[in-house]
Amino acid sequence: MIRIFVETLAPGSLAIAGDEHHYLGRVRRARVGDAIELVDPAGRRATATIATMTANDTTVTVGEVDVAGPVIPRIQVLVPLIKGDRMDACLEKLVEAGVDHVIVWPAERSVVKLDGDKRQARLGHYTAVLAAGARQSGAPAPAIAYAASLRAAVQGVGEGARLVLDGRAERAAAPSDSLITVVSGPEGGLSPGELDLLATERFTGFGLGPRVLRAETAPVIAVAILRAATGT
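Residues numbered from 1 in each chain as written. Predicted model: local features only at pLDDT ≥ 70, side-chain atom pairs only at ≥ 80, totals over all residues. Heavy atoms only, no water.

What follows covers the overall build of the protein chain. Helix and strand content of the protein chain: 6 helices and 11 strands. Here the C-alpha atoms of the protein chain give a radius of gyration of 19 Å, agreeing with the 17 Å that 2.2 N^0.38 yields for 232 residues. A principal-axis box enclosing the C-alpha atoms of the protein chain has dimensions of 60 × 40 × 30 Å. The proportion of buried residues among the 232 residues of the protein chain is 45%. For the protein chain, long-range pairs separated by at least 24 residues make up 67% of all intrachain contacts whose partners lie at least 6 apart in sequence. Here the protein chain displays about 11,600 Å² of accessible surface, and carbon together with sulfur accounts for 51% of that area. (Helix = DSSP H or I, 4+ residues; strand = E, 2+ residues; numbered from the N terminus. Rg over C-alpha atoms; globule rule 2.2 N^0.38 Å. Buried < 20%, exposed > 50% of the residue type's maximum accessible area, 1.4 Å probe, protein only. Contact = heavy atoms within 4.5 Å. Areas by Shrake-Rupley, 256 points an atom, 1.4 Å probe, with all protein chains shown as cover.)

Next comes the structure, spelled out in structure tokens:
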């Protein structure tokens, strides 16, 4: 079934415009009478039937809304900026693995740096990548934010378990906290200063096994392990 993301979701008539309207008509070739699935930012879902389609919007009739509770634990990942398509691949797979929130930041050893208008354009692109991954996998689209530094990123992560991916650390049991924050490093690894900062902020090492993983792979594997261990 075609999946569409909407900002608000309630039974009755709903007009869909913009990119989602384009996706329905131009990409998926949907027609009047087709059944589709709607998902809102909270992860609520509803089946809807297309009532009308014009050049500007698609009107659907929304059925009963399924109000599902939040998945616990919530998992947020601090991902350093990664070069090129590998960043897109990382974000897409994080959605499929079950991440709830992504914070991107410029690690000391990151090749990519974002400033000004370029940053806003790239964040818009990353948001679209997350939405595409959510549409394919059926997961709610995660939120994404940018932090100008690691210090700024960790200051707003909230209470809960704090893990930093470390190839030297043993695989630990999954935390029982309702919020888990994971920090991953760039290709060159986290710098000594970054590791010292994370230790000060109560992050503990979390190992993923004996193999060296690439920057775009490690956070995905970490989220998958945590979801599998917690049954979520």
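The next subject is the packing of aromatic side chains. In the structure shown here, the tally under the stated rule is 0 aromatic pairs. Positioned over the ring face of Tyr23 is Arg135, at 3.9 Å from the centre of the ring. (Phe/Tyr/Trp six-rings, centres within 6.5 Å; stacked < 30°, edge-to-face > 60°. Lys NZ or Arg CZ within 6 Å of the ring centre and 35° of its normal.)

With 22 residues, helix H3 (residues 116-137) should cover 32 Å at 1.5 Å per step; its first-to-last C-alpha distance of 32 Å lies within 8% of that length. Taken residue by residue, H3 has Leu123, Tyr126, Val129, Leu130, Gly133, Ala134 and Arg135 as its buried positions. Where H3 is buried, its residues contact strand E1 (2-5), helix H1 (18-27), helix H2 (85-97), strand E7 (101-105) and strand E8 (143-146). Downstream of H3 by one or two residues, Gly138 has phi in the positive range, about 90 degrees. (Expected span 1.5 Å × (residues − 1).)

Our focus in this paragraph is the sheet that holds strand E11 (residues 204-206). Pairing is parallel in the open sheet, where 6 strands are placed in the order E8-E7-E6-E10-E9-E11. Because the sheet does not close on itself, it has two edges, and the strands there are E8 and E11. On average, each strand axis in the sheet is tilted by 25 degrees relative to the strand beside it, whichever way the strands run. As judged from the 3 bridges shared by strand E9 (residues 161-165) and E11, these two strands associate in the parallel manner. Within E11, the position partnered with Leu165 by the bridge is Phe206. Contacts from H2 reach strand E6 (74-80) and E7, with the element oriented near 175 degrees to E6. (Pairing = 2+ DSSP bridges. Axes fitted to C-alpha atoms, helices over the stretch in contact; angles between N-to-C directions.)

Helix-helix packing: each pair is described by the crossing angle between the helix axes and the interaxial distance. Helix H6 (residues 218-230) packs onto H2 with a crossing angle of 0 degrees between their chain directions and a minimal axis gap of 9 Å. Classified by the angle between their axes, H2 and H6 sit roughly parallel to one another. When H2 is examined against H6, the residues Cys90, Lys93, Leu94 and Ala97 are found in contact with a partner set consisting of Pro219, Val220, Val223, Ala224 and Arg227. Here the contact of H2 with H6 is composed, by residue class, of 7 nonpolar, no polar and 2 charged. (Parallel < 35°, antiparallel > 145°, perpendicular 65-115°, else oblique. Nonpolar A, V, L, I, M, F, W, Y, C, P; charged D, E, K, R; others polar.)

With that out of the way, let us pick up the sheet that holds strand E2 (residues 12-16). The 5 strands lie next to each other as E1-E3-E4-E5-E2, forming an open sheet whose pairing is mixed. Strands with a single pairing partner mark the edges of an open sheet, and in this sheet they are E1 and E2. Pairwise comparison of adjacent strand axes, ignoring direction, gives a mean angle of 40 degrees for this sheet. In this structure, strand E3 (residues 35-39) lies alongside strand E4 (residues 45-53), joined through 5 bridges in antiparallel fashion. Along E4, the bridge assignment pairs Glu37 with Thr47. On the sheet, H1 packs against E1, E2, E3, E4 and strand E5 (58-66) and is oriented at approximately 165 degrees with respect to E1.

Axis separation between H2 and H3 bottoms out at 8 Å; the angle between their running directions is 40 degrees. One element, H2, and the other, H3, form an angle in the oblique class. Where H2 crosses over H3, the two elements pack in a sense that is right-handed. Where H2 approaches H3, its residues Met87, Asp88, Leu91, Glu92, Val95 and Glu96 are matched on the opposing element by His125, Tyr126, Val129, Leu130, Gly133, Ala134, Gln136 and Ser137. For the contact of H2 with H3, the class distribution of residues is 7 nonpolar, 4 polar and 3 charged. (Left-handed = near helix turned anticlockwise from the far one by under 90°.)

This part covers the side chain of His101. Within the element layout of this structure, His101 appears in strand E7. Side-chain polar atoms of His101 contact the backbone oxygen of Ala143, separated by 3.2 Å. Other than its neighbours up to four places away in sequence, His101 contacts Arg74, Ile75, Gln76, Val77, Pro142, Ala143, Ile144 and Ala145. (Polar contact = N/O pair within 3.5 Å; in protein donor to acceptor, adjacent residues only side chain to side chain.)

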